[in-house]
Amino acid sequence: PPAGKIPHGKKPGPGDRETRENAVAEKEAAFLQNPGSFRAALELAEAYAAMDDAASLTLALSLYRGLAAAFPSDTVLAGLADAWGRSGRFGPAFDTALRRAWNPLVSPAGAVSQILLFSAASGDPDRGIECLRSILSLREDGREDVLPALAALFLEKASAAGDSFERREFEKAAGDVLEEIGAAFPPSSPAAAEALRLAEELERR
């Protein structure tokens with residue numbers, strides 16, 4: 001996606017907009033009937049976020065932040081991170097995505113995907129690399145998801161490098177990660193398949 005914008009999908013047409021507005025009205029009514037309901041609040045936050053305009057995103061953020069303070073489930077944190085990102089506030093978006101990885105009962109794959117998205121949208125692969133390294137230090141079980149993403153960000157940094165020395169340094173860092181993947185995972189694993197794709201990209205440079 002272009003820097004500064006997290007896409008929600010195709011631009012909604014008039015019919016889509018009306019459908020989303022009807023969903024908001026329905027979820028608002030359900031929330032007003034039972035304001036203490038976690039599910040009603042979550043569904044209303046999701047409906048606001050789906051509107052994808054500044055005012056609705058502000059309302060979604062307010063609800064998600066309240067939910068995260070009371071019950072920081074992976075679903076809530078994923079929605080909060082997405083709302084931060086689509087509001088263009090990438091600092092808290094990265095922080096919230098990273099927070100998802102703290103839950104040992106949930107795979108860090110979702111957090112890794114959001115971090116990659118925010119890195120591209122914000123034009124800040126350095127922050128993405130920092131977050132991925134934090135996940136590696138937290139979650140030994142996350143290496144299969146994190147290492148290919150880390151290699152991809154190093155290649156992105158190499159592409160944007162200002163001189164040949166810097167480019168070679170980032171390409172070497174990517175190559176080192178790809179070698180680590182090859183040593184750690186069987187060829188049939190998704191990580192190895194992604195590493196092969198990235199290695200071919202590196203060879204074409």
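Residues numbered from 1 in each chain as written. Predicted model: local features only at pLDDT ≥ 70, side-chain atom pairs only at ≥ 80, totals over all residues. Heavy atoms only, no water.

Engineer: Even after reading the chapter, I still don't get the overall build of the protein chain, so can you show me in this structure?
Structural biologist: Within the protein chain one finds ten helices and zero strands. The secondary structure elements of the protein chain, listed N-terminal to C-terminal, are α-α-α-α-α-α-α-α-α-α. Along the first, second and third principal axes, the C-alpha set of the protein chain runs to 60 × 35 × 30 Å. Within the span of the protein chain, comprising 205 residues, buried residues form 40% of the whole. Nonlocal contacts in the protein chain, meaning residues at least 24 apart in sequence, comprise 56% of its contacts between residues at least 6 apart. (Helix = DSSP H or I, 4+ residues; strand = E, 2+ residues; numbered from the N terminus. Buried < 20%, exposed > 50% of the residue type's maximum accessible area, 1.4 Å probe, protein only. Contact = heavy atoms within 4.5 Å.)

Engineer: Even after reading the chapter, I still don't get the pattern of salt bridges, so can you show me in this structure?
Structural biologist: Pairing is possible between side chains of opposite charge, provided their charged atoms come close. According to the stated counting rule, one finds 16 salt bridges in the structure shown. In this structure, D82 engages R86 in a salt bridge whose closest nitrogen and oxygen atoms are separated by 2.7 Å. Linking D82 with R86, this pair stays in helix α4 (residues 74-86), spanning four residues, or about one helical turn. Between E194 and R197 there is a salt bridge, with its nearest N and O atoms 2.7 Å apart. Placement of both E194 and R197 in helix α10 (residues 190-203) is noted, with a separation of three residues, approximately one turn of the helix. Its relative accessible area of 27% is what places E194 among the partly exposed residues. When salt bridges with common partners are traced through the structure, they connect E26, K27, R39 and E43 into a single cluster. (Salt bridge = Lys/Arg side-chain N within 4 Å of Asp/Glu carboxyl O.)

Engineer: Would you take a moment to explain the packing of aromatic side chains for this structure?
Structural biologist: Given two aromatic rings, one states the distance between the centres and the angle between the planes to describe the pair. Summed over the entire model, instances satisfying the criterion amount to three aromatic pairs. Summarising the aromatic geometry, the rings of F38 and F71 are spaced 5.3 Å apart at their centres and angled 85° between planes, so their arrangement reads as edge-to-face. Note that F38 is positioned in helix α2 (residues 38-51) and F71 in the loop between α3 (54-70) and α4, a separation of 33 residues in sequence. Since its relative accessible area comes to 33%, F38 is described here as partly exposed. Among the aromatic residues, ring-to-ring pairing joins F90, F94 and F118 into one connected group. (Phe/Tyr/Trp six-rings, centres within 6.5 Å; stacked < 30°, edge-to-face > 60°.)

Engineer: Sorry, what's going on with the nonpolar core here?
Structural biologist: One broad rule of soluble globular proteins: the nonpolar side chains tend to lie buried together. Within the largest apolar cluster, 57 residues are counted, with the highest numbers of intra-cluster contacts made by Y64, L132, I135, F154 and I181. With residues near it in sequence (within four places) discarded, I135 still touches L98, A101, P108, A111, V112, I115 and V146. (Core = buried A, V, L, I, M, F, W, Y, C linked by side-chain atoms within 4.5 Å.)

Engineer: Sorry, what's going on with the side chain of R100 here?
Structural biologist: Within the secondary structure layout, R100 lies in helix α5 (residues 90-100). For R100, a relative accessible area of 9% gives the class buried. Once residues within four sequence positions are removed from consideration, R100 is found in contact with D74, L77, A78, G110, A111 and Q114.

Engineer: Looking at this structure, I do not really get the environment of T19. What am I missing?
Structural biologist: As for its position among the elements, T19 is in helix α1 (residues 14-33). Relative accessible area serves as the criterion here: at 52%, T19 is assigned to the exposed category. Through-space distance from the C-alpha of T19 to that of G142 is 38 Å; in sequence the pair is 123 residues apart.

Engineer: Help me out: how do you make sense of unusual backbone geometry in this one?
Structural biologist: Negative phi characterises most residues that are not glycine, and trans characterises most peptide bonds. Positive phi values are uncommon outside glycine, yet D52 reaches one of about 60°. Within the fold, D52 resides in the loop between α2 and α3.

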